[in-house]
Amino acid sequence: MYSCRKRTPNMDNQNTEASDDAVRQVVKELASDIQTLSMSGCYWLSGATIDQLTRCKGLVKLDLSGCRLTSLRLSKILSVLRGLRSLAIDIDNGFDLNQLSSESKATLSRVNELKQTLYTPSYGVVPCCTNLERLLLYFEIHDVTREGSTVCCQLMVGQSSIPHYQNLQVFFARLAPGEVNQTLMNLYLAVFSVRVPEHLRVFIISIPGNNPGHWPAARSLLEGMARNGALEALQLPKTWVEHSSLQCILKHSVPSHLNFSRCSVFGSHLIHRILSNVQDLRQLVSLNLSGCIQGLFLDCTWKADEQIDGCAMESLVSACPNIRHLNLSAAHYHGTPGSEEHLCTFLARLRSLRSLALPVCAVSDGAKTSEQVVQDNVAPLSSSLMLGLKKTARVGLQTYRVNSEPRASESSSAFRALLEGSPFLEVLELIGSNFSSAMPRNEPAIRKEQAACSLAGQIGDSEVAVVGMLLFLRRLTLAQLPGMLKGTGLLEVAMKCRDLQTLSLANLGVLKNMTYMPSLIEALPYCKQLRDLRLEQPYINANARFFQALSQCRALRRLCIISRNGTFQADAVVSFMESCLDVIVCHMFMGGTLVACRNLQKTLQDRFSSERPALNVVIYPLLHEDLALIIREMPLLHLDEITLFKSRVAEDPPQLWW
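Basis of the calculations
- Residues numbered from 1 in each chain as written.
- Predicted model: local features only at pLDDT ≥ 70, side-chain atom pairs only at ≥ 80, totals over all residues.
- Heavy atoms only, no water.
- Helix = DSSP H or I, 4+ residues; strand = E, 2+ residues; numbered from the N terminus.
- Contact = heavy atoms within 4.5 Å.
- Patch = residues over 30% accessible without salt bridge, like charges linked within 9 Å, V, L, I, M, F, W, Y side chains within 5 Å.
- Areas by Shrake-Rupley, 256 points an atom, 1.4 Å probe, with all protein chains shown as cover.
- Salt bridge = Lys/Arg side-chain N within 4 Å of Asp/Glu carboxyl O.
- Lys, Arg positive; Asp, Glu negative; His and termini not counted.
- Charge placed at Lys NZ, Arg CZ, Asp CG, Glu CD.
- Buried < 20%, exposed > 50% of the residue type's maximum accessible area, 1.4 Å probe, protein only.
- Pairing = 2+ DSSP bridges.
- 1 Å grid on protein atoms, 1.4 Å probe; cavity = no way out; pocket = protein on both sides within 12 Å on 5 of 7 lines; lining within 4 Å.
- Points joined across faces, edges and corners; volume = space filled by probe spheres on them.
- Nonpolar A, V, L, I, M, F, W, Y, C, P; charged D, E, K, R; others polar.
- Core = buried A, V, L, I, M, F, W, Y, C linked by side-chain atoms within 4.5 Å.
- Domains from an automatic or database assignment.
- Phe/Tyr/Trp six-rings, centres within 6.5 Å; stacked < 30°, edge-to-face > 60°.

(A) Representation of the overall build of the protein chain in the model. Per the secondary structure count, the protein chain includes 20 helices and 25 strands. Across the protein chain, contacts joining residues at least 24 apart in sequence account for 77% of those joining residues at least 6 apart.

(B) Expanded view of a positive patch on the surface. On the surface, Lys28, Arg55, Lys57, Arg82, Arg85 and Arg110 cluster together into a positively charged patch. Inspection of the secondary structure puts Lys28 in helix H1 (residues 20–30). Here Lys28 falls in the exposed class, since its relative accessible area comes to 56%.

(C) Representation of the pairing of strand E7 (residues 134–139) in the model. In terms of burial, E7 is largely enclosed, as 6 of its 6 residues are buried. On E7, burial covers both faces: Arg134, Leu136 and Tyr138 on one face and Leu135, Leu137 and Phe139 on the other are all buried. Pairing of strand E6 (residues 113–118) with E7, which is carried by 6 bridges, proceeds in the parallel orientation. Across the sheet, the residue bridging to Lys115 is Leu136, located in E7. Pairing of E7 with strand E8 (residues 170–175), which is carried by 6 bridges, proceeds in the parallel orientation. Opposite Leu135, over in E8, you have Phe171 as the bridge partner.

(D) Examining unusual backbone geometry more closely. Positive phi is not limited to glycine here, since Ala330 has a value of about 60°. Of note, Ala330 is situated in the loop between strand E15 (325–327) and helix H10 (343–347). Under the relative-accessibility criterion, Ala330 is labelled partly exposed at 25%. The backbone phi angle of Gln655 is positive, close to 55°, even though this residue is not glycine. Note that Gln655 resides in the segment after helix H20 (636–643).

(E) Representation of empty space enclosed by the protein in the model. Taken as a whole and assessed by the stated rule, the structure comprises 4 cavities of 30 Å³ or more. The computed volume of the largest cavity comes to approximately 180 Å³. Elements that contribute at least two residues to the lining of the largest cavity include exactly strand E17 (427–431), strand E18 (475–481), strand E19 (502–508), strand E20 (532–536) and H20. For the lining of the largest cavity, the residue count by class is 7 nonpolar, 3 polar and 7 charged.

(F) Quick peek at the nonpolar core. Of all hydrophobic cores here, the largest spans 183 residues; its most connected members are Phe171, Leu347 and Phe546. The residue makeup of this core includes at least three contributed by each of domain 1 (1–9 + 20–131) and domain 2 (282–295 + 307–364 + 415–440 + 451–538). Those residues in contact with Leu347 that sit more than four places away from it in its chain are Met313, Val317, Leu326, Leu328, Leu356, Leu358 and Leu418.

(G) Representation of the packing of aromatic side chains in the model. Scanning the entire structure with this criterion turns up 14 aromatic pairs. Pairing Tyr138 with Phe172 gives two aromatic rings, centres 5.4 Å apart and planes at 50°, and the pair type is tilted. A residue pair is termed long-range when its members are at least 10 positions apart, and Tyr138 in strand E7 and Phe172 in strand E8 qualify at 34 residues. When sorted by exposure, Tyr138 lands in the same class as Phe172, which is buried.

Take a look at the structure:
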């Protein structure tokens, strides 16, 4: 994003496609007035254009994340920005702190907010920032170089006392997969093992995967945080957390954000610990319990004590009436049919709710009994991959029927009550408990989908249609809904949710036959505000009809299609790009030959790059062995925001960065 803020109030300008000439002209005309300048994600701007920022001597806040920046260029810019207090930069290969001038280091000594994205093992400019109050770190280092050499952090050993954290109030670290990132983060944290900053109020560490490494000094860090007093926001890797330390921290905190994503070691006990230890939960506005309570399915059965505890959630809702962002995904909830004590009924009491992530099974009114299964003569289907194959019904197995003609009156009453109680909901995610994207970060694409939760098959078009009552909905994610066959619910959403800007659909209905495509084609012309569209489904046929419908989404900026064995019509893609003039991202990872993909990618780049400076086109076979190498070359902005699938509700504390 490119934006600038002048001293004159209400003078904002945003343009994600600004050319080098346009940016230079803006800087030339407004240089003396600009105090805040964000060029985050402007990966297309040349180094010569970045050099023009030396004109903006009154800058107080500067964000250059994703921009081309060398040590010498950074030194030149910082040398003239004596009033700079907030800075965001990338640290890439070749960065050398010794190349910074004394004037630039003096500027850094006055900076109190730093956001640093690391692509190489380095402290970056942290050693020069002696008055830091807010430090945000993004670790994006690969374990292996493009040439195949192993990356290590040996050069940094012995420098762990360099960072100055005495005034630190906010520490945030997000890691991409890889051992190097964890090793480097431990070096950044070494100072915490000696002394925890007295005024630390936000401590966030986000490590992907289910087995984050253990940091030996974690216990002393947690004990130090407990002694220092209240934390406003907290996220810890699950291997760091122990019951006693967590209890001490919570007792002294009045949190506004808690993220215990993937801390399944606690199960349902985590909710009880939050309720019994936190002083005042009325201040809590953001809570992430994704993957904390993971159900266990053996032979299509489930255990009540291994799912989301409805009673605990009822108590949590009563104690946290001001929650605005809640994430309960990657878990299981199987309600009792006919019972008024349903998770959705409890959540409907959260009148301030603005974003919500739920497992698909939580939307169902409850599992059918064995007698009902026999009466309905429904064949047990453990996976949407097996839809259409008939089996003899077996008593005692939870099964589901996929309705061919769902009606609105058949939708889940509990889910309807939830949406009626949350009319101002802006973000909704319904994600199957067993869903995993076919496109992991640094691994080969997944070739086989996991079986859907048994109750997920009861959720179909009628439930999706109910989402249409959310008139303020801006972001919608639907993943692993095997019962959504015809997609008629999507049409209802498109017609009523006129502010919808982001739509992500993954593994809906029958995986080997994308039966909802006709409804999607009918729905797209109604999506006048749609900016981001992400589709993930095997065997997608991205033909002329699809792209003609998509061409009517005139506000579209980014398109991403992930499809094992999917096909595309090259001339239809070109016509679509000609019609949608604002599209700057076209990512298609499908079937087809490498030659066909490269030819289409080159055609789009040659034809549209000159008029769209920010254009980023990546078309590549999903199952190709070199896919990981292609992904690492993509702009992090788009990779993180649309290409890779993840739940985004309550991911970070509100207002983490300006």
